[in-house]
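Overview (structure and organization)
Single-letter residue listing:
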Amino acid sequence: MTRLYNAPADFADEMIAGFVAANGRHVRAVPGGVVRSTTSPAGQVAVVIGGGSGHYPAFGGLVGQGLAHGAAMGNLFASPSTQQVRSVATAAEHGGGVLFSYGNYAGDVLNFDAAQEQLRAAGIPSETVTVTDDISSAPAAEKHKRRGIAGDLTVFKSAAAAAEAGYGLAEVVRVARLANERTRSFGVAFTGCTLPGSDAPLFTVPEGRMAVGLGIHGEPGIDETDVPTADGLAELLVSSLLAEVPDGVDGARGARIVPILNGLGALKYEELFVVYRRVAELLEQAGVEIVDPHVGEYCTSFDMAGGSLTLFWLDDELERLWNAPVDTPAYRHGAVTAAERRHADEVTDAASTAIPVGSPASQQAAATALGAIEATVEVIDAHVDELGRLDAIAGDGDHGIGMQRGAHAALAAAREAAQAGAGAATLLDRAAHAWSDRAGGTSGALWGVALRSVGSALGDHAAPTRQAVVAGVASAADGIMAYGKAQPGDKTMVDALLPFSAALRRGVDGGARLADAWAAAADVASEAAAATADLLPRMGRARPHAEKSLGTPDPGAHSFALIVQAVGSVLAGDAGTRKEDQHA
Ligand code: ADP
Ligand code: MG
């Protein structure tokens with residue numbers, strides 16, 4: 001239970017403000033997260049990490065000399081937006097390029113990749129190594145699909161130490177890949193966690209039972225057993241991990257390994273030590289040479305009771321890098337030579353530029369778009385719990401709150417744009433920016449793409465025609481598929497969006513008024529969304545638990561159908577008051 005908060009929606013921002021106020025020696029706030037408050041030598045590669053909030057010390061607590069140069073800090077359990085990642089990376093960069101590293105979650109991958117593209121386009125060399133240490137999240141043959149948990153620390157630390165040692169970007173990438181290949185984790189959980197303001201846990205584990213391999217956002221595990229003894233747990237963790245020796249290592253005997261026993265938030269240090277006692281015995285029995293063991297909290301999940309064991313299989317280079325000094329808010333090791341404080345050079349945000357005024361015809365279309373966003377907010381507010389529940393079945397349960405955050409932010413931005421006389425394209429572009437920035441997650445980024453695509457098709461000048469709306473929806477579908485790489489049948493919002501787009505085109509080509517064609521297409525979307533219940537997910541966070549979602553529709557497809565239905569009502573009302581039929 002998280003007991004102390006003000007407005008739940010402000011929790012992440014207020015947490016970051018307090019974290020920065022308490023740790024000015026190490027970090028300073030920039031839009032989207034934090035960067036080191038100390039200087040780094042010109043030409044040093046910047047290691048930029050990040051992810052959702054709620055995992056302290058990941059990720060802001062790991063910024064400082066010897067570790068990360070910056071951390072993008074998203075909302076609770078939601079990936080940071082593309083803008084946040086770009087902003088932090090730009091502030092952290094020192095002329096040596098950027099290495100992005102983070103746990104391998106779909107929303108993070110989408111937003112970090114998009115930010116990486118923007119940085120490259122701006123001439124800043126950027127590379128990515130995602131952390132994939134959790135062996136329970138995919139089989140060894142599909143290591144690239146595994147998610148990142150407490151093993152983040154070894155990868156971030158090795159890469160950052162390499163950067164501090166003056167390695168170039170390609171070499172830092174090599175080290176990060178090697179560290180990731182040699183880091184394996186396995187975890188269990190005894191209870192769920194409750195986000196601030198929520199009256200129920202995000203998920204639950206039955207009393208007296210232990211979820212094996214459960215994800216740090218509650219992604220379902222691979223097994224459930226009775227809670228074992230401390231020694232029983234140690235045996236499960238060690239045997240699971242020793243069963244998977246990394247490539248390039250000859251076996252456990254003689255291997256030099258850093259064990260990290262990580263608590264997820266509600267496990268006592270004392271319990272961890274009792275477990276570690278047996279972990280150390282078992283590793284020694286297997287012939288392992290234990291190096292620099294860590295027992296404590298390195299990646300948490302609010303008040304989740306549970307933990308994981310990470311084994312970091314060293315070689316000479318990794319051991320040297322591991323031993324390099326670090327000084328961050330949450331992690332210190334050895335003695336660093338204190339660097340100078342950085343000047344507070346301002347980072348400006350692209351969104352703070354003036355709003356261009358649209359033509360009267362486009363202002364009218366913008367008013368309709370504003371009405372559509374108002375209807376979106378209403379329908380999402382009414383269904384927020386349902387969307388969360390759908391997402392909790394095989395995903396992480398945040399689809400309702402993510403959509404709510406995004407839609408409300410989009411509405412605020414759209415209102416501001418409408419007041420300033422914006423045309424449809426500008427209004428939707430502002431709304432798109434706000435949506436993806438505030439929602440985070442996969443769906444936030446995709447709705448940003450959707451709104452922006454529709455906006456560009458409508459423009460800021462002409463009164464949009466029905467064909468422009470059709471083209472806008474089609475380009476939203478193309479954009480979402482290009483960005484998220486989902487194909488029809490993968491059980492995502494694409495499975496509702498494509499049939500919707502096709503039906504809208506058919507209706508308009510057949511001569512129907514926009515409102516009628518839209519209403520018919522919305523019905524097609526609702527049916528298609530319901531039909532996703534029969535599909536197996538192949539994308540996003542639901543993928544590792546595909547079979548659990550059979551019989552339940554995809555949350556993103558369902559919310560899409562709800563939204564186009566709501567927008568249909570706005571267009572129907574609009575059409576009634578307007579005579580001209582060839583215009584939207
Ligand atoms: P996250 O997956 O980051 O937690 P949400 O829970 O808000 O984000 O959204 C989940 C929904 O996003 C899914 O139900 C699915 O419809 C959609 N989605 C996930 N990945 C993709 C993708 N690659 N392409 C299209 N849609 C996707
Ligand atoms: Mg989700």
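What counts, and at which threshold
- Residues numbered from 1 in each chain as written.
- Chains lettered and ligands numbered in written order.
- Predicted model: local features only at pLDDT ≥ 70, side-chain atom pairs only at ≥ 80, totals over all residues.
- Heavy atoms only, no water.
- Helix = DSSP H or I, 4+ residues; strand = E, 2+ residues; numbered from the N terminus.
- Expected span 1.5 Å × (residues − 1).
- Core = buried A, V, L, I, M, F, W, Y, C linked by side-chain atoms within 4.5 Å.
- Buried < 20%, exposed > 50% of the residue type's maximum accessible area, 1.4 Å probe, protein only.
- Contact = heavy atoms within 4.5 Å.
- Near = heavy atom within 4 Å.
- Polar contact = N/O pair within 3.5 Å; in protein donor to acceptor, adjacent residues only side chain to side chain.
- Areas by Shrake-Rupley, 256 points an atom, 1.4 Å probe, with all protein chains shown as cover.
- Nonpolar A, V, L, I, M, F, W, Y, C, P; charged D, E, K, R; others polar.
- Pairing = 2+ DSSP bridges.
- Right-handed = clockwise from strand over helix to strand, strands pointing away.
- Domains from an automatic or database assignment.
- Buried area = accessible area lost by both parts, 1.4 Å probe.
- Salt bridge = Lys/Arg side-chain N within 4 Å of Asp/Glu carboxyl O.
- Donors = N, O, S within 2.8 Å, 3.2 Å for Na, K, Ca; no water.
- Phe/Tyr/Trp six-rings, centres within 6.5 Å; stacked < 30°, edge-to-face > 60°.

Some details on helix 13 (residues 466-484)
- Given a rise of 1.5 Å per residue, 19 residues ought to cover 27 Å, and the 27 Å separating the end C-alpha atoms of helix 13 matches this to within 8%.
- The positive-phi residue at the C-terminal boundary of helix 13 is Lys485, with phi of around 60 degrees.

As for the nonpolar core
- Leu427, Trp435, Trp447, Phe500, Leu504, Trp518 and Phe560 are the most contacted members of the largest nonpolar core, which has 69 residues in total.
- Breaking this core down by element, the ones donating at least two residues are helix 9 (360-394), helix 10 (399-419), helix 11 (424-439), helix 12 (441-458), helix 13, helix 14 (494-509), helix 15 (514-531) and helix 16 (555-576).
- The dominant element in this core, judged by the number of residues it contributes, is helix 9, at eleven residues.
- Setting aside its immediate chain neighbours within four residues, Leu427 contacts Ala366, Ala369, Leu370, Ile373, Ala414, Ala417, Ala418 and Ala422.
- Membership of the second largest hydrophobic core comes to 65 residues, among which are Phe156, Ala161, Val175 and Tyr331.

With respect to the site of ligand 1
- Neighbouring ligand 1 are 19 residues; Thr442, Ser443, Gly484, Met493 and Asp554 lie closest to it.
- At 3.0 Å from an oxygen atom of ligand 1 is found a side-chain nitrogen or oxygen belonging to Asp391.
- Contact with the protein chains removes 95% of the 560 Å² of surface that ligand 1 exposes when unbound.
- Taken together, the elements giving at least two residues each to the shell around ligand 1 come down to helix 12 and helix 16.
- For the shell around ligand 1, the per-class residue count stands at six nonpolar, eight polar and five charged.

Looking at the pairing of strand 5 (residues 98-103)
- Strand 5 sits mainly inside the fold: six of its six residues count as buried.
- As paired strands, strand 3 (residues 46-53) and strand 5 are joined by three bridges and run parallel to one another. In the strand pairing of strand 5, Val48 is matched with Phe100.
- Bridge count for strand 5 against strand 6 (residues 126-131) is six bridges, and the pairing is parallel. Across the sheet, Leu99 pairs through a bridge with Glu127, a residue of strand 6.
- Handedness of the crossover joining strand 5 and strand 6 through helix 3 (residues 106-121): right-handed.

Structural notes on the domain arrangement of the chain
- Once the domains are mapped, the chain shows domain 1 (8-325) and domain 2 (355-576).
- On a C-alpha basis, the centroid separation for the pair domain 1 and domain 2 is 33 Å.
- Taken together, the contact pairs 27 residues of domain 1 with 27 residues of domain 2.
- Ranking the residues of domain 1 by area buried against domain 2 places Gln83, Leu110 and Pro220 at the top, with a combined share of 29%.
- At the boundary of domain 1 and domain 2, one finds one salt bridge.

Overview of the coordination of the magnesium ion (ligand 2)
- At the metal site, the magnesium ion (ligand 2) is ligated by Asp391 (OD), Asp396 (OD) and Asp398 (OD), and these contacts range over 2.1 to 2.2 Å.
- Coordination of the magnesium ion (ligand 2) draws on donor residues from a single chain, spaced D-x4-D-x1-D in sequence.

Remarks on the packing of aromatic side chains
- Applying the stated criterion to the full structure yields 13 aromatic pairs.
- Centre to centre, the rings of Phe11 and Phe302 are 6.0 Å apart; their planes meet at 50 degrees, and the pair counts as tilted. Of the two residues, Phe11 sits in helix 1 (residues 11-22) while Phe302 sits in the loop between strand 12 (294-296) and strand 13 (306-313), which places them 291 residues apart along the sequence. As far as burial versus exposure is concerned, Phe11 and Phe302 are alike and both buried.
- Centre to centre, the rings of Trp447 and Phe560 are 6.0 Å apart; their planes meet at 35 degrees, and the pair counts as tilted. On the criterion of sequence distance, the pair formed by Trp447 in helix 12 and Phe560 in helix 16 is long-range, its members being 113 residues apart.
- The buried category is assigned to Trp447, whose relative accessible area is 6%.

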